[in-house]
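Observations on chain architecture
Chain by chain, the residues:
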Amino acid sequence: MFENLDVFKIAHAMASHAGQRQAIISQNVANADTPGFKSLDLPDFKSSYTGENQTGLQKATRDKHLHGTHSGIALNAFEEKSIASPDGNSVSIETEMLKATEVSRQHNRALAIYKSSLNILHKSLGRR
Amino acid sequence: MTDFSKSLTVATSGLKAQAMRLRHLSENISNADTPGYRRKTVQFESEFGTRSDVASVSTGKVNLDRTELERIYDPSHPLADDTGHFDGSNVNLLIELADAREAQRSYEANLKMFEQTRKMSSGLMDLLRR
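If you're wondering where the values come from, they're calculated on a predicted model, not measured in any experiment.

Parameters and conventions
Residues numbered from 1 in each chain as written. Chains lettered and ligands numbered in written order. Predicted model: local features only at pLDDT ≥ 70, side-chain atom pairs only at ≥ 80, totals over all residues. Helix = DSSP H or I, 4+ residues; strand = E, 2+ residues; numbered from the N terminus. Rg over C-alpha atoms; globule rule 2.2 N^0.38 Å. Buried ≥ 20, exposed ≤ 12 C-beta atoms within 10 Å, placed from the backbone. Contact = placed C-beta atoms within 7 Å. Core = buried A, V, L, I, M, F, W, Y, C linked by C-beta atoms within 7 Å. Nonpolar A, V, L, I, M, F, W, Y, C, P; charged D, E, K, R; others polar. Expected span 1.5 Å × (residues − 1). Axes fitted to C-alpha atoms, helices over the stretch in contact; angles between N-to-C directions. Parallel < 35°, antiparallel > 145°, perpendicular 65-115°, else oblique. Left-handed = near helix turned anticlockwise from the far one by under 90°.

Glancing now at the overall build of chain B. Scanning chain B from N- to C-terminus turns up 2 helices and 4 strands. Listing every helix and strand of chain B by position from the N terminus yields α-β-β-β-β-α. For 130 residues, the compact-globule estimate of 2.2 N^0.38 gives 14 Å, and the C-alpha radius of gyration of chain B, at 22 Å, exceeds that figure by more than 25%. Seen through its principal axes, chain B has C-alpha atoms that stretch 80 × 30 × 20 Å. Buried residues in chain B amount to 25% of all 130 residues. A separation threshold of at least 6 residues defines the contact pool for chain B, and within that pool the share at least 24 residues apart is 60%.

Set out below in structure tokens:
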């Protein structure tokens, strides 16, 4: 379990996925009244962690890669399929709130996993 | 910029834009009886900032509503012309109030996102505090 600290890596990936998704949801909510804005979303954590649905996609993993905006807001954000209102805006505040709650729970879960793994590690080192 | 600060930035831009919209709405409502007043409308624009790569929202140019002004019949009014009419404003209180309610709703949504991001990041900080 703690040989190469995989638990921590997974918890870290989960928390940072939640953070990225939160940024995208905030962007959707802020633009809820912008004409022509299309709401964005990220694939869920499972598929983004295991690398599903990225087959055949080229990924920029370094800054010097072509089109490589490494710090960009999630490389794999996709436009959500939902019905746009007459002004071309496809954000639904209700859906965004639902997603925001999901994200918050995912983040809390990741932190809980991290914390309890940390506790186990501390105990096994004989500290309190 | 971390995802949390991006999120806070974009939520703040939403709050600002909605507050600006509400400001123009209250201007319209308070001038509902001003002769010759045309209602102001603001358009929201999404902009990719130079510092961040999130699409924060901002209010664009203020536009004046070009619809006909209301003709009010009142011969005793100082602005009345030969037929006894003068130009009122083209503010429709019902529309302004509905718009204000929508602005309030969107403001609350942005506020909730801000609050939630803050909670998530303080949860992260709690990991350091043992």
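What follows concerns the overall build of chain A. Counting its secondary structure elements, chain A contains 3 helices and 2 strands. Traced from its N-terminal end to its C-terminal end, chain A shows the element sequence α-β-α-β-α. Per-residue burial over chain A gives 28% buried out of 128 residues.

In this structure, A:Met14, A:Ile25, A:Val29, B:Ala11 and B:Met113 are the most contacted members of the largest nonpolar core, which totals 30 residues. Looking at this core, the elements with two or more residues in it are α1 (6–30) and α3 (93–124) of chain A together with α1 (3–30), β2 (55–64) and α2 (93–128) of chain B. Broken down by element, the residue count for this core peaks at 9 residues, all from α1(A).

It is worth spelling out the interface of chain B and chain A at this point. With 26 residues of chain B at the contact, the number on the chain A side is 26 residues. Among the secondary structure elements, those contributing two or more residues to the side of chain B that touches chain A are α1, β1 (40–48), β2 and α2 of chain B. Along the lines of polarity and charge, the residues of the side of chain B that touches chain A split into 12 nonpolar, 10 polar and 4 charged.

The next thing to look at is α2(B). Relative to the 52 Å expected for 36 residues at 1.5 Å per residue, α2(B) spans 53 Å between its end C-alpha atoms, a close match to the ideal helical length. Taken residue by residue, α2(B) has B:Ala103, B:Ser106, B:Ala109, B:Asn110, B:Met113, B:Phe114, B:Gln116, B:Thr117 and B:Met120 as its buried positions. Looking at the buried positions of α2(B), the neighbouring elements they touch are α1 and α3 of chain A together with α1 of chain B.

All names here are of chain B. With respect to the helices, strands and loops of the structure, aspartate 74 is situated in the loop between β3 (71–73) and β4 (85–87). Judged by C-beta crowding, with 12 C-beta atoms within 10 Å, aspartate 74 ranks as exposed. In sequence terms aspartate 74 and glycine 84 are 10 residues apart; their C-alpha atoms lie 5.6 Å from each other. Not counting the four nearest positions on each side in its chain, aspartate 74 is found in contact with Ala80, Gly84 and Phe86.

To continue, consider the packing of α1(B) against α2(B). Residue and element names in this part refer to chain B. In contact at an axis separation of 9 Å, α1 and α2 are set at 160° when each is read in the N-to-C sense. When the axes of α1 and α2 are compared, the pair comes out roughly antiparallel. Considering only the axes of α1 and α2, their crossing is left-handed. For the contact of α1 with α2, a count of residues per class yields 15 nonpolar, 9 polar and 3 charged.

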